[in-house]
Amino acid sequence: SNPSLLILPGDGIGPEVMTEVRKVIDWYGTKRDMAFDVSEDLVGGSAYDAHGTPLTDATMAKAQEVDAVLLGAVGGPKYDALDFSVKPERGLLRLRKEMDLFANLRPAQCFDALADFSSLKRDVVAGLDIVIVRELTSGIYFGEPRGIIEDGNERVGINTQRYTESEIDRVARNAFELAMRRNRKLCSMEKANVMESGVLWREVVTEVGKDYPEVELSHMYADAGAMQLCRWPKQFDVIVTDNLFGDLLSDAAAMLTGSLGMLPSASLGAPMANGRPKALYEPVHGSAPDIAGQGKANPIACILSFAMALRYSFDAGDEATRLEQAVEKVLADGLRTADLLGEEGAQPVSTAEMGDAIVAALDAS
Ligand code: NAI
Ligand code: MG
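In this text, all values refer to a predicted model and were calculated from it rather than measured experimentally.

## Considerations on the nonpolar core
Link 1 in the chain: Counting residues in each nonpolar core, the largest one holds 105 residues, and the members touching the most others are V69, V133, I303 and F306.
Link 2 in the chain: In terms of residues, this core owes the most to one element, helix α10 (residues 300-312), which gives eleven residues.
Link 3 in the chain: Both domains that meet at this core, namely domain 1 (1-105 + 259-365) and domain 2 (129-255), each give it at least three residues.
Link 4 in the chain: Setting aside chain neighbours within four positions, we find V133 in contact with A103, L105, V171, N174, A175, L178, V238, I239 and V240.

Printed below as a string of structure tokens:
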């Protein structure tokens, strides 16, 4: 049977960018004989409007069954006053939690045509293609004890960085598998110099590394890593790090390359029966209420999220590269959605024009 894909467009610009991804998916079905069993469902505010909940049990069950989930974005001002338990974000959080997506992949990829868009020098970023693997379900954002307590005559804010060996082991394995599919180079970042969790992190990653002798493993303190990411990011290929450091490092690395409208992501869990990990793919950006409904959204982040799905869930790395090259081609041709233009910029293209151009570039590939 065909590989299965659940599409959850969500709110705001989510459905707009997903319409363009559907064109790409259709292209693969008709021109490359790669048909997907695609089903589509509601998430976030749109699900709340229809069902009074940001994610129904039926949608949750479907997400558990498919080979991959592709999500647009959720949220918007219309839902800001809702009770926390039914806020759009809760739909996304439920997906991540129940699918147990513990490894968050954030690529920082710099298309040559956009190298001048970066705040760094062209030669530092041009051609950059790295992935940060961030542990997503444990660490200081979840560790107990936590809270604000009274201590004598003042209050104390407490969070606990806590990692079990198995939590480190599984995210490390995920990162090594990724490194095997890429350039067999992995850098692990922690602060083993000042943190016990960092000492354990380094030990466990080193141990897991023995199962991947082909991968060149290095370790770096996370603060030095932040510096190296800005100084010469091309020294890295895959980086694996904890939840807190990954939050900071992935946001910083992303901005090496330009616009929010360009950034894909993947969240991976444990391997399924077919050996591929459970997976949710989504652009990094949100629902962008300020431009929703105007045909201005850049669909590339969502299209590149589908490219990640091709590579990591559907064993179609060559097709993922084909799609990334189609994106590179339209950018090199000068096509820009509004977010990719400076103040004085030329005429922007619409969401649909960008999607059509990428499909045309696929046709020409
Ligand atoms: P946002 O990412 O939606 O927008 C930030 C800025 O970037 C806006 O000016 C927007 O127009 C622009 N932008 C974002 N994506 C773009 C694209 N594809 N093309 C062109 N411009 C783009 O973040 P914001 O404004 O903080 O949040 C808006 C809503 O989205 C909120 O309800 C928030 O909770 C939700 N959100 C949802 C996320 C998700 O679904 N994963 C992630 C982040 C925010
Ligand atoms: Mg963040």
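Additional details are given in the paragraphs that follow.
## Considering the UniProt feature "binding site: substrate" (unreviewed entry) in the chain
Link 1 in the chain: Following the UniProt record, one finds the feature "binding site: substrate" (unreviewed entry) at R96, R106, R134 and D223. What stands out for the annotated residues spanning 128 residues is how far apart their C-alpha atoms range, the widest pair being 27.9 Å apart.
Link 2 in the chain: With respect to the element layout, R106 can be found in strand β4 (residues 103-109).
Link 3 in the chain: Classification of R106 by C-beta neighbours within 10 Å gives buried; the count is 23.
Link 4 in the chain: Apart from residues lying up to four places away in sequence, R106 is in contact with V131, I132, R134, S250, A254 and S265.
Link 5 in the chain: Locating R134 in the fold gives a position in strand β5 (residues 129-135).

## A look at the environment of A179
Link 1 in the chain: With respect to the helices and strands, the residue A179 is situated in helix α6 (residues 165-181).
Link 2 in the chain: Taking C-alpha positions, A179 is 31 Å from S39, a pair spaced 140 residues apart along the chain.
Link 3 in the chain: Among all residues touching A179, those that are not within four sequence positions of it are R184, K185, L186, V215, D237 and V238.

Definitions and limits used
- Residues numbered from 1 in each chain as written.
- Chains lettered and ligands numbered in written order.
- Predicted model: local features only at pLDDT ≥ 70, side-chain atom pairs only at ≥ 80, totals over all residues.
- Core = buried A, V, L, I, M, F, W, Y, C linked by C-beta atoms within 7 Å.
- Buried ≥ 20, exposed ≤ 12 C-beta atoms within 10 Å, placed from the backbone.
- Helix = DSSP H or I, 4+ residues; strand = E, 2+ residues; numbered from the N terminus.
- Domains from an automatic or database assignment.
- Contact = placed C-beta atoms within 7 Å.
- UniProt positions renumbered as here; feature names shortened; annotations may be inferred.

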